[in-house]
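Working through the structure, step by step
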Amino acid sequence: MIWVKRMLLAVLLLLVLLVIAAGVFLATVNPNDYKQQIAALVQEKTGRIVQFNGPIHVSVFPWLGVRLESVAMSNAPGFSPDQMVEAKTIEAKAAFWPLLKGQFVVGKLVLDGAVIHLARNRAGVTNWADLLARPASKAPPVTAAASPSAPSALALTVGGVEIRHATLDWQDAATGQQVAISSLDAMVGALAPGAVTPVSLQADYRLVAAKLGELGGSVRLSAQVSLPGGAELRADQVSVDAALNQVGGAYPAQLPRVVQLQWQSPSMTVDWLKTLARVPQFTLDASFERGFGLTRVSAQLSGEVQADWGGGQYIARGLKVNGVIQGLATHTGEINLAAQGAALVDWPAGKASLSNWQIRSSPLSVTTSLTMTGFGGALHVDGPVTVAPFNPRELAVAWKYRVPSMASDKALTECALTGQVAITPQQAMLNQLQFSLDGQTLTGQIGVADLATGKLWARLAGGAWNLSPYLPPPSSSENKTPDKSAGAEGARESSISPVAVNQTPIPLPVEPLRRLNLDARLALDKVALRDVTLGQFVLAAQTANGLLRVTQLDFNAFDGAVKTAGALDVRAAQPAYQLNVTANHIALQPALKAVMHEDRLMGTGDVSAALTSQGGTVGQLLENLGGNGRFSLANGKVKGVDLGYMLRAAQARLQGETAPVPAEQSTDFSNLGGTVQIARGIVRNEDLTGASPLLRVAGKGSVDLPRQVLDYLLNVVVVNTATGQGGKALDKLRQLTVPIKITGTFAQPKFGIDMAAVMKDQAKQRLENRVNQELDKRLGPGAAPVQNLLKGLGL
C-alpha cells in the first residue's frame, strides 16, 4: 500500500505545482494584452467585429473563469444600429477541483445590462442569418480503436443563470411589426440532478403592428424546477401573469383595450427525449375590458393537459369554464356562463375535436360535440348542437331583459333548438335546423353563406303558426269603426278644413340596413293574426349595400289571394320605397276591417297597384307618393252612403217635399271599377264606372292623401224604377243624370247634389219628350230617323 500513498502524494504535488504555475502565469501574463487576437479570432469565425471596451478578468483557483466588461458585437451589413449585441458584464466560471474528479461544476452564469437588436429586412433576411450560414468547424474523426478508451461524459452541475436589466428589440421591415422587451430580469438557480431550483422571469414589452396599433404589457413567471433524471424536467408551483394594454395607434375598435391572464399549475412534467409534457391540473384566469362590444368579460379555465409535441398530439380533459359577461346591448346586468368538456388535437392528421361540451347560463343549456379538419388548409367544423327546452321569459329575467306586453301570458314560455353546425372557409351554417316555440316548429337552414361579404342566409319552413299571443294586448278603442253615415245635403259644403300633414319621423335603422347582407325565405302553411288567417304564407327578401328587396310576400286570405313585392332603398339620404301588389277575389269587408278597421265596403274585388315614394316621415311619403292602380269590385255594398236616399231626397225637393231617412243608409252595386293615377300624393280617377239594378254611376275626381281632402264628382243615372233601393219613388228621376259632389275630409266627407243641374236635365228631358211626341204624331213611322238626327246634334 506504500506505493499507493506515494502515488497519491505525487499527484497531489503535481496539482500543487499546476496551481502555482497557473498563478505565476496569471501574475505575469495580462489577458487584456490579447484583446486584438481574441477579436480577430472571433471575426474570423463569425465575420463580426467584437469590441472589448472594458477589462477582461480571468481566474483559475478555486474557480476557472472569465469576466468581460463592456462588450459589443457588430450588426450584420445593411442593418442598424451598428451593434447587434451589447453587454455591460458577462461572467462564466467552473470549479477547478471537481474537474480533476471528472465533474463539471459550472458557477452562476451572469449577463448584466445586455441590449440585443434583432431585425429582418424587406427581403426577408434576418441579421443573424450570416452566423447560421457559416460552416461549423469539423471535429476530428474518432477511430474505432480510440472509442473504448474515450473518457465517460462529465457529470454536469450548473450553479445558475442570472440575466439582469436586459433589453431585446425586434424590427420586421417586411411586415412593419416591432417588438421591444425591456427590464428583462431572469434567474435560474443551481441546476443539478434531483435538486429543486427556483426559476423566475419578469419583463415589460411593447408591440407595434400594422393592424393592431401599439400595444404594451408585462410578463411575470415563477416556478420550482427539478431534474429527476435523464431528460425529464419537473416544474412545481408554476405561475405566469401577463397583461396587455392598448397604448395608441389604429387599434381595432372591436378588440379589447385591456387583457389580463394568470396561469397557475401545482406541477407539470416534461420529457425532452419522449417529447411529452403533462399538466395534471391547471387554472387560467382571463379577463378583458372594452372589447367585442362588451364592457368586461372574465373567465376561469381549469383542467388537465397532455402534449406529445413530437407526435403532434394534444389532449385536454376535464376542462371547465366559468365566466361573467358584462355590457351586452340593452342589458343592465351580468350573464354568468359555465361550460365543461374535452378537447383533442391531432396535428399530423390535421384534425381536432371538442367532445361532449355543455354550456349553461340558467335557464339556457347548450350541448355540442364539434370536429375540426383541414388544419393548415381548408378548415372545416362539423357537429351537432342542441339547445335544451327552456322558458324564454325566465331567460329574460336572468339576463335582465324586459319582455314587452303580449296578448297572452303563455306566449314565450317554451323554446328549443337542434341543428348541425357546418363551417368552411367560405361559410358558417346551421343545417338541419329544428326550432320550436310554444309548440310551433320551424325547420331549415340558417347561417352566414359568404364569410367574405358577411352574407346572412335563411331558408325556413313551418306549419301553422299563431302569432296572436305575441301581439300587444288589444286596446279598448281598437276595432271600433266610427259612424260616418252621409246624409243628403242639397248643396256643397263651402268650408273644408284639410288635415295637417303628418311629419312624424319613421324610425328606420338606416345604418344597420346599409351594413346588412341578407338572403332569406320563410314559408308557412298558415299564419294566424287575431281574426285574420293567412294561408300558404311566403316571405322572401334580399338586402345588400342598403337596398332591401322583398321579392315575394304572398298569401291566401279573405277568400282570395294576395301577391306582393317591394323594395326599401336607404343608400341615399332619403329612404325610397317601392310596392307592387295584386289582390284577386278578395272579400272586401273583412280585408278592410283587418287592415284599416274599416267595414263600410262589402263585396269582392280585384285590386292591383304599383307605387313609389321617398321620405323620412309619414307626410313626406304621402306627398311623394306616385304610381298607378286598377280596381274591379262586384256584388257589394257601400255602408253609410245611400245614393238612393239622396236621389229620393232630390226628387222630393223638386216636388217641394221631404223624403224619410232610412234606418240603414247603404248603396248596393253589381260592379264598380276604374283606374287611378297617383302623383305627388294626389290620387286621380277619370273613369269610374258602376252599376246596380237601380243605378248607373260614372265618376271622376281626386283624393289628396297628405291632407286627406276629397274632391270627387259622381254622375248617377236612374235606369230602373222597379221596387228595391228607391223603387217607384224615383220614377220622376228616371234617365236623369244626378251630379253628386263629394268633398270634405276623410273623417268628415260631405255629399252635395247639384240641384240646378238636375232641374236643367229634367227640363231638357221634358222638352225632348215633347218633341218626340210631336214628331211621332206628325211623321208617324218616319219620325225615327229625325229623332236620331236630333239626338246626334245634342238636341
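Residues numbered from 1 in each chain as written. Predicted model: local features only at pLDDT ≥ 70, side-chain atom pairs only at ≥ 80, totals over all residues. Heavy atoms only, no water.

1. As for the overall build of the chain
The helix and strand inventory of the chain stands at eleven helices and 38 strands. Buried residues in the chain amount to 34% of all 795 residues. Within the structure as shown, the chain displays about 44,900 Å² of accessible surface, and the carbon and sulfur contribution to it stands at 60%. (Helix = DSSP H or I, 4+ residues; strand = E, 2+ residues; numbered from the N terminus. Buried < 20%, exposed > 50% of the residue type's maximum accessible area, 1.4 Å probe, protein only. Areas by Shrake-Rupley, 256 points an atom, 1.4 Å probe, with all protein chains shown as cover.)

2. Looking at the pairing of strand β32 (residues 626–639)
For strand β31 (residues 601–614) and β32, the ladder comprises eleven bridges, and the chain directions are antiparallel. Looking at β32, one finds that V607 is bridged to F631. The pairing of β32 with strand β33 (residues 666–679) spans twelve bridges and is classified as antiparallel. The partner of L633 across the bridge, within β33, is L672. (Pairing = 2+ DSSP bridges.)

3. Some details on unusual backbone geometry
Look at the link from S80 to P81: it is a cis peptide, with omega at 0°. Mapping P81 onto the fold places it in the loop between β3 (63–74) and β4 (83–95). In this structure, the amide linkage connecting S362 to the following residue, P363, adopts the cis form with an omega of 5°. Checked against the element boundaries, P363 lands in the loop between β19 (351–361) and β20 (364–373). Of note, D559 is a non-glycine position whose phi angle comes to about 65°, a positive value.

4. Focus: the packing of aromatic side chains
Under the criterion given, the structure shown has four aromatic pairs. Between the aromatic rings of W272 and W309, the centroid separation amounts to 5.8 Å while the plane-to-plane angle is 65°, which identifies the pairing as edge-to-face. Of the two residues, W272 sits in the loop between β14 (258–271) and β15 (276–291) while W309 sits in the loop between β16 (294–308) and β17 (313–326), which places them 37 residues apart along the sequence. Under the relative-accessibility criterion, W309 is labelled partly exposed at 34%. Here R459 stacks its cationic end above the ring of W457, 3.9 Å away from the centre of that ring. (Phe/Tyr/Trp six-rings, centres within 6.5 Å; stacked < 30°, edge-to-face > 60°. Lys NZ or Arg CZ within 6 Å of the ring centre and 35° of its normal.)

5. Quick notes on the environment of D409
Turning to its location among the elements, D409 is positioned in the loop between α5 (392–398) and β22 (415–423). Looking at D409, the relative accessible area reads 63%, which means it is exposed.

6. Some thoughts on the side chain of D346
Relative to the elements of secondary structure, D346 occurs in strand β18 (residues 334–346). Non-local contacts of D346, meaning those with residues more than four positions away in its chain, are made with G312, Q313 and K351. (Contact = heavy atoms within 4.5 Å.)

7. Here we look at helix α2 (residues 35–46)
Taking 1.5 Å of rise per residue, the twelve residues of α2 would be expected to cover 16 Å, and the 16 Å separating its terminal C-alpha atoms lies within 8% of that figure. Following α2 by one or two positions, G47 adopts a phi angle in the positive range, close to 80°. (Expected span 1.5 Å × (residues − 1).)

8. Description of the layout of surface pockets
In this structure, the second largest pocket occupies an estimated 200 Å³ of space. For the lining of the second largest pocket, the elements supplying multiple residues, two or more each, are β30 (576–587), β31 and α8 (618–623). Here the lining of the second largest pocket is built from residues that sort into six nonpolar, three polar and no charged. (1 Å grid on protein atoms, 1.4 Å probe; cavity = no way out; pocket = protein on both sides within 12 Å on 5 of 7 lines; lining within 4 Å. Points joined across faces, edges and corners; volume = space filled by probe spheres on them. Nonpolar A, V, L, I, M, F, W, Y, C, P; charged D, E, K, R; others polar.)

9. Some details on the pattern of salt bridges
A full pass over the atoms with the stated rule returns 16 salt bridges. The salt bridge involving D204 is made with R220; its shortest N-O contact spans 3.6 Å. Pair noted here: D204 is in strand β11 (residues 196–209) and R220 is in strand β12 (residues 213–229), with a separation of 16 residues, a long-range link. Taking the relative accessible area as the measure of exposure, D204 reaches 29% and is therefore partly exposed. The partner of R278 in a salt bridge is E304, with the nearest N and O atoms 3.4 Å apart. (Salt bridge = Lys/Arg side-chain N within 4 Å of Asp/Glu carboxyl O.)

10. Examining the confidence of the model for the chain
A residue-level look at the chain finds 78% of positions with pLDDT of 70 or above and a mean pLDDT of 82. For the stretch residues 1–26, pLDDT sits under 50, and the model shows eight contacts to residues farther than four places along the chain or on other chains. Predicted confidence for residues 487–494 stays below pLDDT 50, and this span has 23 contacts to residues more than four positions away or in other chains. (pLDDT = per-residue confidence, 0-100.)

11. Notes on the side chain of Q542
The residue Q542 is located in strand β27 (residues 532–544) in this model. A polar contact of 3.5 Å, which involves the side chain of Q542, links it to the side chain of D519. Not counting residues within four places of it along the chain, the set of residues in contact with Q542 comprises L518, D519, L547, L548, R549 and T551. (Polar contact = N/O pair within 3.5 Å; in protein donor to acceptor, adjacent residues only side chain to side chain.)

12. So, the environment of L643
Inspection of the secondary structure assignment puts L643 in helix α9 (residues 643–654). Between the alpha carbons of L643 and S666 there is a distance of 7.5 Å; along the sequence they are 23 residues apart. Those residues within four positions of L643 in sequence are excluded, and the remaining contacts are T667, L695, V697, L714, V716 and I740.

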